[in-house]
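Observations on chain architecture
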Amino acid sequence: MSKATTLDRLVTYSIQHDGRLIVIENVPARVHVETGEQFFSSQTVERIHEIIQSQRKPARTISTPVYDFAA
């Protein structure tokens, strides 16, 4: 990965965990300029896991529609 083709950005990371959609905002990442692929440091990945496993109150809650592709 060439640094010339990636930029430091804050991104929104989402994951489905235990049947819940979890969204984490302002996650530091290197983002490939052409593909948009996101790369995270090992420290960032560890922090994401800590946030997912924590029982702390989220900064805010959102409602999101869910569609079935096969329907």
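First, a word on scope: everything that follows refers to the structure included in this document.

Bringing the pairing of strand S2 (residues 20-32) into the picture now. Relative to S2, strand S1 (residues 6-17) is paired through 11 bridges, and the arrangement is antiparallel. Residue pairing for S2: Asp8 is matched across the bridge by Arg30. The turn joining S1 and S2, which pair antiparallel and follow one another in sequence, is formed by two residues; a positive phi near 50° is taken by Asp18. Inspection of the sheet shows S2 paired to strand S3 (residues 38-39) by two bridges, in the antiparallel sense. Paired with Arg30 across the strands is Phe39, a residue of S3.

By the definition in use, this model includes one aromatic pair. For the pair Tyr13 and Phe40, a centre-to-centre distance of 5.6 Å together with 90° between the ring planes defines the contact as edge-to-face. In this pair, Tyr13 sits in strand S1 while Phe40 sits in the loop between S3 and helix H1 (42-53), placing the two residues 27 residues apart along the sequence.

What follows is about the nonpolar core. Soluble globular proteins tend to pack their nonpolar side chains together in the buried interior. Counting residues in hydrophobic clusters, the biggest one holds eight residues: Val11, Ile22, Ile24, Val27, Ala29, Val31, Ile48 and Ile52. A per-element tally of this core places S2 first, with five residues. If we ignore the near neighbours within four places in the chain, the residues touching Ile52 are Ile15, His17, Ile22 and Ile24.

Now for the pattern of salt bridges. Counted by the stated rule, this structure contains three salt bridges. Across the pair Arg30 and Asp8 runs a salt bridge whose closest N-O atoms are separated by 2.6 Å. On the criterion of sequence distance, the pair formed by Arg30 in strand S2 and Asp8 in strand S1 is long-range, its members being 22 residues apart. The exposure class of Arg30 is partly exposed, given its relative accessible area of 22%. For Glu50, the salt bridge is made with Arg47, and the minimal N-O distance between the two is 3.4 Å. Of the two residues, Glu50 and Arg47 are both situated in helix H1; the distance of three residues between them amounts to about one turn of the helix.

Reading the values: rules and limits
Residues numbered from 1 in each chain as written. Predicted model: local features only at pLDDT ≥ 70, side-chain atom pairs only at ≥ 80, totals over all residues. Heavy atoms only, no water. Pairing = 2+ DSSP bridges. Helix = DSSP H or I, 4+ residues; strand = E, 2+ residues; numbered from the N terminus. Phe/Tyr/Trp six-rings, centres within 6.5 Å; stacked < 30°, edge-to-face > 60°. Core = buried A, V, L, I, M, F, W, Y, C linked by side-chain atoms within 4.5 Å. Buried < 20%, exposed > 50% of the residue type's maximum accessible area, 1.4 Å probe, protein only. Contact = heavy atoms within 4.5 Å. Salt bridge = Lys/Arg side-chain N within 4 Å of Asp/Glu carboxyl O.

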